[in-house]
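# Descriptive structure summary
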Amino acid sequence: MTRQRAVLFVRIAVLAGLVISLEICCRTGIVDPLTIIPPSDMIASMVDHVGSGELNESIVNTFSTIILAFVLAIGFGTLAGALVHRSSRLRDVADPLLASYYSVPTFIFYPLLVALLGLGKAPLVVLGVLSAAPAVMISTLSGLDGVPPVLLKLARVHRLSPVRTLWWIVLPAALPRLFTGFKLALSYALIGVIAGEFILSGTGLGYAISFAYQSFDNRAMYGLMLFVLLVAVIANGILYVWEGRLARRRSTG
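Note that this is a predicted model, so its numbers are computed, not measured.

A separate point is the overall build of the chain. When helices and strands are tallied, the chain shows 10 helices and 0 strands. In sequence order, the chain lays out its α and β elements as α-α-α-α-α-α-α-α-α-α. Here the chain, with 253 residues, has 34% of them falling under the buried criterion. Expressed as a percentage of contacts within the chain between residues at least 6 apart in sequence, the contacts between residues at least 24 apart total 72%.

Written out as structure tokens, the structure is:
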């Protein structure tokens, strides 16, 4: 068994142990069912609500908003990170701002975004980008800083064009840190959009979860929460696999 498979096996075993323990605690009354329902009931509720089709519109609205915010965050964050990296003066200004950015709760700007952009998808997209783009900027700066100078000198010796230098030298060297930022950006975009739907929205999964909570419908609330959690885990898993494949292609190419 390889080390990666062993780590994966341990993770799955730990997660399964936690789920089984929670199931036992809920079934035996150690945990109040008004607080948390058993995981098996969460799964059944998720299947019922998602399978019924009643949430199709909410699912499409939420995840289309998350994907749009994620793509925009990658584009803006990578471009901004590259521009900041080229200017030492701009870097001196940006570094402390990026370091302290996540101490500011971006959700406080949601009423302002609604006033400027109106109700709908636009303020949610902006909120997701504001949550995710700084993580991409930080990873881009870190990745570009990690490119060995000797590789850039090698590119100049071989007279590679800027495009080829970027493709064959910079991206392979910066790829691990870039994908770290992409994975964080996906998580932050999801958090930003779902939280925005919680605060002030009439559609989406965040609104559906909030409505279930206010209606004391624990079964629906936990079922929808589990669905969002599983989608987030699967999406991050896809990015992780994609990262590994790209790394292997670069190393063999």
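The subject of this paragraph is the packing of helix α3 (residues 56-86) against helix α4 (residues 88-99). Two elements in contact, α3 and α4, have axes separated by 5 Å at closest approach and are oriented at 120 degrees. In terms of orientation, α3 and α4 fall into the oblique class. Touching L83, V84, H85 and R86 of α3 are S88, L90, R91 and A94, all from α4.

One finds I66 and L205 to be the most contacted residues of the largest nonpolar core, which totals 39 residues. Looking at this core, the elements that each hand over two or more residues are α2 (39-51), α3, α6 (121-145), α8 (162-199), α9 (204-214) and α10 (218-252). Top element by residues in this core is α8. It accounts for 11 residues. With sequence-adjacent residues up to four places away left out, I66 is seen in contact with L186, A189, L190 and V193.

Attention shifts here to the pattern of salt bridges. This structure, assessed with the given rule, holds 5 salt bridges. R27 is the salt-bridge partner of D41, the closest N and O atoms lying 3.3 Å from each other. Placement of the pair is D41 in helix α2 and R27 in helix α1 (residues 3-28), with a sequence separation of 14 residues. Of the charged contacts, one joins D95 and R91 as a salt bridge, the two residues approaching to 3.0 Å between their closest N and O atoms. Here D95 and its partner R91 are both found in helix α4, 4 residues apart, which amounts to about one turn of the helix.

A few words now on the packing of aromatic side chains. Both the distance between ring centres and the angle between the ring planes are used here to describe each pair of aromatic rings. For the coordinates displayed, the defined rule picks out 3 aromatic pairs. Seen from their ring centres, F179 and F182 are 5.5 Å apart, and the 65 degrees between their planes marks the pair as edge-to-face. Taken together, the residues F179 and F182, both in helix α8 and 3 residues apart, mark about one turn of the helix.

Now for the environment of M221. Here M221 shows up in helix α10. Residue classification places M221 among the buried positions, given a relative accessible area of 9%. When the C-alpha positions of M221 and P176 are compared, they lie 36 Å apart, and in sequence the two are 45 residues distant. Not counting residues up to four positions away in its chain, the partners in contact with M221 are I209, A212 and Y213.

Attention shifts here to the environment of I209. Turning to its location among the elements, I209 is positioned in helix α9. Sequence separation of I209 and M137 is 72 residues, and the distance between their C-alpha atoms is 31 Å. Not counting the four nearest positions on each side in its chain, I209 is found in contact with F198, M221, L224, M225 and V228.

With that settled, the discussion passes to a nonpolar patch on the surface. On the surface, V104, I108, F109, L112, L116 and L117 cluster together into a nonpolar patch covering about 570 Å² of accessible area. If you trace the backbone, I108 turns up in the loop between α4 and α5 (110-117). You can call I108 exposed: its relative accessible area is 53%.

Attention now goes to the layout of surface pockets. Computed from the structure, the second largest pocket encloses a volume of approximately 470 Å³. Surrounding the second largest pocket, 14 residues form its lining, A82, H85, L144, L166 and V170 being those nearest its centre. Secondary structure elements with two or more residues in the lining of the second largest pocket: α3, α6 and α8. Here the lining of the second largest pocket takes 5 residues from α8, the largest share from any one element. Considered class by class, the residues forming the lining of the second largest pocket number 9 nonpolar, 3 polar and 2 charged.

For R91, a relative accessible area of 18% gives the class buried. With residues near it in sequence (within four places) discarded, R91 still touches V84, H85, L141 and D145.

Another aspect to go through is α5. Those residues of α5 that fall on the buried side of the exposure criterion are Y110, L113 and V114. End-on view of α5: buried residues confined to an arc of 100 degrees, all on one side of the axis. Along α5, exposed side chains directed more than 90 degrees from the buried face belong to P111, A115 and L116. As for α5, its buried residues are in contact with α6 and α8. Where α5 terminates, the next one or two residues include G118, which has phi positive at roughly 80 degrees.

Thresholds, definitions, all that
- Residues numbered from 1 in each chain as written.
- Predicted model: local features only at pLDDT ≥ 70, side-chain atom pairs only at ≥ 80, totals over all residues.
- Heavy atoms only, no water.
- Helix = DSSP H or I, 4+ residues; strand = E, 2+ residues; numbered from the N terminus.
- Buried < 20%, exposed > 50% of the residue type's maximum accessible area, 1.4 Å probe, protein only.
- Contact = heavy atoms within 4.5 Å.
- Axes fitted to C-alpha atoms, helices over the stretch in contact; angles between N-to-C directions.
- Parallel < 35°, antiparallel > 145°, perpendicular 65-115°, else oblique.
- Core = buried A, V, L, I, M, F, W, Y, C linked by side-chain atoms within 4.5 Å.
- Salt bridge = Lys/Arg side-chain N within 4 Å of Asp/Glu carboxyl O.
- Phe/Tyr/Trp six-rings, centres within 6.5 Å; stacked < 30°, edge-to-face > 60°.
- Patch = residues over 30% accessible without salt bridge, like charges linked within 9 Å, V, L, I, M, F, W, Y side chains within 5 Å.
- Areas by Shrake-Rupley, 256 points an atom, 1.4 Å probe, with all protein chains shown as cover.
- 1 Å grid on protein atoms, 1.4 Å probe; cavity = no way out; pocket = protein on both sides within 12 Å on 5 of 7 lines; lining within 4 Å.
- Points joined across faces, edges and corners; volume = space filled by probe spheres on them.
- Nonpolar A, V, L, I, M, F, W, Y, C, P; charged D, E, K, R; others polar.
- Arc of directions from axis to C-beta.

So, to be careful, I would describe these as geometric facts and stop short of saying anything about function.
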